[in-house]
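Structural description and commentary
Take a look at the letters that make up each chain.
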Amino acid sequence: MLFVGIFSKEFVMRYKAYTDGSYQDSVGAGGCASIILDETGKVIKIICQGFKETTNNRMELRGVINTLKYFENKTDIEIVSDSQYVINSITGGHAKRWIEEKDFSKKNLDLWFELLDLVEFHNVSFTWVKGHSGNKYNELADILAVVSANCLNIQKEWQQESS
């Protein structure tokens, strides 16, 4: 009878992910990376991807999107990023407003649509960390994003037309 009721509560794993994006003008490509940790602080997944014909902001967004897409089931996750563009646009409600108001003057709306859908599906919190300030996982995500931008066989990313 010692174990009665232990398994009746739903166990929810909480994750933390450090994401970063990079654009390397010297190679005309960008990269994104994320490092996903479980609630014990153990790294469980590293995701890296490179793209041609992109921008730094698109790579920052793509790093967060790739992280959230990794989880098929609804997940509690904290996204840690040095991108004020991403953090402020989400936490300040700007991205949601751009979509609701159909403000097509804003860049990267294709990625904002995708990201907001994922944020609504998962339970996501966002934390800003100063870049290049010694946070080991932020520094590693930065290195991996730069390396991804310099890798062979990277994909060409679609970009919306500017008017």
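Residues numbered from 1 in each chain as written. Predicted model: local features only at pLDDT ≥ 70, side-chain atom pairs only at ≥ 80, totals over all residues. Heavy atoms only, no water.

A closer look at the overall build of the protein
Across its full length, the protein holds 5 helices and 6 strands. N-terminal to C-terminal, the α/β element order of the protein is β-β-β-α-β-α-α-α-β-α-β. Burial statistics for the protein: of 163 residues in total, 44% are counted as buried. Counting contacts in the protein only where the partners sit at least 6 residues apart, residues at least 24 apart contribute 67% of the total. If you sum the accessible surface of the protein, you get close to 9,600 Å²; carbon and sulfur atoms cover 52% of it. (Helix = DSSP H or I, 4+ residues; strand = E, 2+ residues; numbered from the N terminus. Buried < 20%, exposed > 50% of the residue type's maximum accessible area, 1.4 Å probe, protein only. Contact = heavy atoms within 4.5 Å. Areas by Shrake-Rupley, 256 points an atom, 1.4 Å probe, with all protein chains shown as cover.)

Section: the pattern of salt bridges
Once their charged atoms are close, side chains differing in charge can pair, the charge on each being opposite to the other. In this structure the tally under the stated criterion is 4 salt bridges. Two residues, Lys16 and Glu78, come together in a salt bridge whose shortest N-O distance is 3.7 Å. Note that Lys16 is positioned in strand E1 (residues 14-24) and Glu78 in strand E4 (residues 76-81), a separation of 62 residues in sequence. Residue classification places Lys16 among the partly exposed residues on the basis of a relative accessible area of 29%. When the shortest N-O distance is used, the salt bridge between Arg62 and Glu114 registers 4.0 Å. On the criterion of sequence distance, the pair formed by Arg62 in helix H1 (residues 56-70) and Glu114 in helix H4 (residues 109-121) is long-range, its members being 52 residues apart. Owing to a relative accessible area of 12%, Arg62 belongs among the buried residues under this scheme. (Salt bridge = Lys/Arg side-chain N within 4 Å of Asp/Glu carboxyl O.)

As for a negative patch on the surface
On the surface, Glu100, Glu101, Asp117 and Glu120 cluster together into a negatively charged patch. In this structure, Asp117 sits in helix H4. (Patch = residues over 30% accessible without salt bridge, like charges linked within 9 Å, V, L, I, M, F, W, Y side chains within 5 Å. Lys, Arg positive; Asp, Glu negative; His and termini not counted. Charge placed at Lys NZ, Arg CZ, Asp CG, Glu CD.)

Topic: the packing of H1 against H4
The description of two packed helices rests on the angle between their axes and on the distance between the axes. Interhelical geometry of H1 versus H4 gives an angle of 30 degrees and a closest axis separation of 10 Å. When the axes of H1 and H4 are compared, the pair comes out roughly parallel. When you trace H1 past H4, the crossing you get is left-handed. Of the residues in H4, those in contact with Arg58, Leu61, Arg62, Val64, Ile65, Leu68 and Lys69 of H1 are Asp110, Leu111, Trp112, Glu114, Leu115, Leu118 and Val119. (Axes fitted to C-alpha atoms, helices over the stretch in contact; angles between N-to-C directions. Parallel < 35°, antiparallel > 145°, perpendicular 65-115°, else oblique. Left-handed = near helix turned anticlockwise from the far one by under 90°.)

Let's talk about the packing of aromatic side chains
Counted according to the given criterion, the structure contains 5 aromatic pairs. A centroid spacing of 4.7 Å and a plane angle of 45 degrees characterise the contact between Tyr15 and Phe71, whose relative ring orientation is tilted. Note that Tyr15 is positioned in strand E1 and Phe71 in the loop between H1 and E4, a separation of 56 residues in sequence. The pair formed by Tyr15 and Phe71 is uniform in burial state, with each residue classed as buried. Relative to Phe71, the ring of Tyr70 has its centre 5.0 Å away and its plane inclined at 80 degrees; by these criteria the two rings are edge-to-face. Three or more aromatic residues joined by ring pairs make a cluster, and in this case those are Tyr15, Tyr70 and Phe71. (Phe/Tyr/Trp six-rings, centres within 6.5 Å; stacked < 30°, edge-to-face > 60°.)

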